[in-house]
Amino acid sequence: MTKTRSNLLKVFILIFCIALFLTGCATVSNVTNKDGSKVYFDDIQYFQGQVAVIGDYLYYGNGYTASDGDDFNYDTAASTGYLSRIKISENLQYDLTEDEDGYVDPSPLGSEQVNDEKLIGYENQYMFALGAYLYFTSANTHVLSDSSNDYTRVSLFRVKFNGDKFEEIDTFRHDENSVITVQKGSDNNYYYIIYAPVDSEATSYNLYSIKIGNKMGDTVTLAEDVNSVAVCDENSTIKNVVYTVDSERTSHETIAVKAVDFATGDITDYGDNNDVVGATTRLISRIGDTVFYSYSDLKNTQEIVYYKDLTTDDKLFSGSSDKEFYVLAVSDIQRVGDGYMFISDASSSVMYKPSLNQVENAQNVLTSSEYTDILFVDSEWIYYSNDTSISRVSVRDINNKQTLVTMTSIISGQCGYDGEYIYFYAQLENTSNDSENTDTNYYMYRVDKTGVNPDGEYTIDLLSKVEKPN
């Protein structure tokens, strides 16, 4: 071989190695259909954020660590909270034999590590599958200009189901008012929709979009200095984001309502609130093409909640032509049963209104002392949690409250749901041969959505890999 050919070969090998380093390589087997073809999703597969079901497998963070703690260490958190998967199409198996130290490994057989680079199990996780990729979030690890870390920021990633093609998408500031979701646009492509603060003091928020799919798009700023948003959902016929901004009025400040088609960037004026001096409109929620909002003005300072059908010709968000939903400020409006649940801002109670068109008063379903977080709704049931339990209540019989699982310590408000099982993080329970257990990590478990198995007993399954203590 000539020297020139030898050098060319070395260059080719170097380029190939760099490509492997940048894109990663497969760590587990491909996920296939029964005919042997690779699993591919034309539409979003979303399971409440902390897990994703892909073929026969469940993908999840092996452990959970909150990134907002004063003693948070990213590397330590990622060492237990890495991306993992386990086959759930088969009965879970456990080897409960003692080793030479008398230790019984509680881990299920067959769990696999898909990626160990990023923390998966944490409070701002937003996981879903689309096409041949798993999309997920992690706490930002990019060092700031002053050499400090800001773990409150959220980074978006994707990776193929076999651990290949690991890719970072973008990073955004994040706080309790932020929104990260994915919706189908007017062009039938899917887009990230991000509502995020523009500075560390959260003095203003911007609205962004990113086209996702086989080919990723750039981050696009849809609107700046936004006050509130109502994003379309899978049942919306109008694929846009309604949002509020301060009006351009130079005196007697008020709020203007607009909408943006996140596929085209086209902006529409959704109202003439600039003509109402001192008016305030706050968007609360959106279900299909129905937007819920609160409105007040100088004549009526009480914040009343109204709802509007976006398919009608009326474009005003001033309460005058819309129907009243509730006379006090509310949040977290969701469709459940034949009606709507919401949380009263005044009392933090969970309320239920049987129908938009009925005038009867809303019912008090849960007091603030009975729950910490609402997990999700399914059919007539509201699922909720606190630090030790997961429960559900029927809106058709508010006295029908069922505790599905009780443990020593549960991460409230974080879960996955596949229609059959609820997936949640909890600490290991002490057993008779492990009375001095010092493992304080939180691991992934599952429980049936009814809390009981066919024998009438409630069973929880540990899904995570537990490392033997030193």
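The structure presented is a predicted model; accordingly, all values stated were derived computationally and were not measured. (Residues numbered from 1 in each chain as written. Predicted model: local features only at pLDDT ≥ 70, side-chain atom pairs only at ≥ 80, totals over all residues. Heavy atoms only, no water.)

Caption draft 1: Local environment of the pattern of salt bridges. Evaluation of the coordinates by the stated rule reveals 18 salt bridges. The closest approach of N and O atoms between Asp43 and Lys184, which form a salt bridge, is 3.1 Å. Residue Asp43 is found in strand S1 (residues 41-46), and its partner Lys184 is found in strand S11 (residues 179-184); the two are separated by 141 residues along the sequence. Judged by its relative accessible area of 35%, Asp43 is partly exposed. (Salt bridge = Lys/Arg side-chain N within 4 Å of Asp/Glu carboxyl O. Helix = DSSP H or I, 4+ residues; strand = E, 2+ residues; numbered from the N terminus. Buried < 20%, exposed > 50% of the residue type's maximum accessible area, 1.4 Å probe, protein only.)

Caption draft 2: Just unusual backbone geometry, in detail. Non-glycine residue Lys165 carries a positive phi angle of around 60°. Tracing the sequence through the fold places Lys165 in the loop between strand S9 (154-160) and strand S10 (167-172). For Lys165, a relative accessible area of 37% puts it in the partly exposed group. The backbone of Ser379 shows a phi angle near 60°, a positive value even though the residue is not glycine. Tracing the backbone shows Ser379 in the loop between strand S26 (373-378) and strand S27 (381-385). Judged by its relative accessible area of 47%, Ser379 falls in the partly exposed class.

Caption draft 3: Spatial organisation of the sheet that holds S9. Read from one edge to the other, the open sheet built from 5 strands follows the order S1-S7-S8-S9-S10, with strand pairing classed as antiparallel. The strands lining the two open edges of the sheet, one partner per strand, are S1 and S10. With strand direction ignored, the average angle separating the axes of adjacent strands in the sheet is 20°. Summarising the sheet, strand S8 (residues 133-139) and S9 pair through 7 bridges and their orientation is antiparallel. Across the sheet, the residue bridging to Ala139 is Val154, located in S9. (Pairing = 2+ DSSP bridges. Axes fitted to C-alpha atoms, helices over the stretch in contact; angles between N-to-C directions.)

Caption draft 4: Broad picture of the pairing of strand S29 (residues 401-406). The pairing of strand S28 (residues 389-394) with S29 spans 5 bridges and is classified as antiparallel. Note on S29: the bridge partner recorded for Ser389 is Thr406. Where S28 folds back onto S29 in an antiparallel hairpin, the turn is made up of 6 residues.

Caption draft 5: Geometry of the nonpolar core. Core analysis: the largest hydrophobic core is formed by 35 residues, its most contacted members being Ile54, Leu58, Tyr59, Leu83, Leu134, Phe161 and Tyr423. Elements with a contribution of two residues or more to this core: strand S2 (51-54), strand S3 (57-61), strand S5 (83-87), S8, S9, strand S31 (421-427) and strand S32 (442-448). With near-sequence residues (within four places) excluded, Leu58 lies in contact with Val51, Ala52, Val53, Ser84, Arg85, Ile86, Ile88, Tyr423 and Leu463. Core analysis: the next-biggest nonpolar cluster, separate from the first, contains 28 residues, Tyr133, Tyr151, Ile210 and Met216 among them. (Core = buried A, V, L, I, M, F, W, Y, C linked by side-chain atoms within 4.5 Å. Contact = heavy atoms within 4.5 Å.)

Caption draft 6: How the structure looks around the pairing of strand S19 (residues 290-296). Across the 7 residues of S19, 7 count as buried, placing the element largely inside the fold. Residues Thr290, Phe292, Ser294 and Ser296 of S19 are buried on one face, and the alternating residues Val291, Tyr293 and Tyr295, pointing to the opposite face, are buried as well. Pairing between strand S18 (residues 280-287) and S19: 7 bridges, direction antiparallel. Within S19, the position partnered with Thr280 by the bridge is Ser296.

Caption draft 7: Molecular detail of the sheet that holds S3. Sheet architecture is open: 4 strands sit in the order S2-S3-S5-S6, paired in antiparallel fashion. The open sheet has two edge strands, S2 and strand S6 (112-115), and neither has a second partner. Taken pair by pair, the neighbouring strands of this sheet meet at an average axis angle of 30°, ignoring direction. The pairing of S2 with S3 spans 4 bridges and is classified as antiparallel. Bridged to Val51 within S3 is Tyr60.

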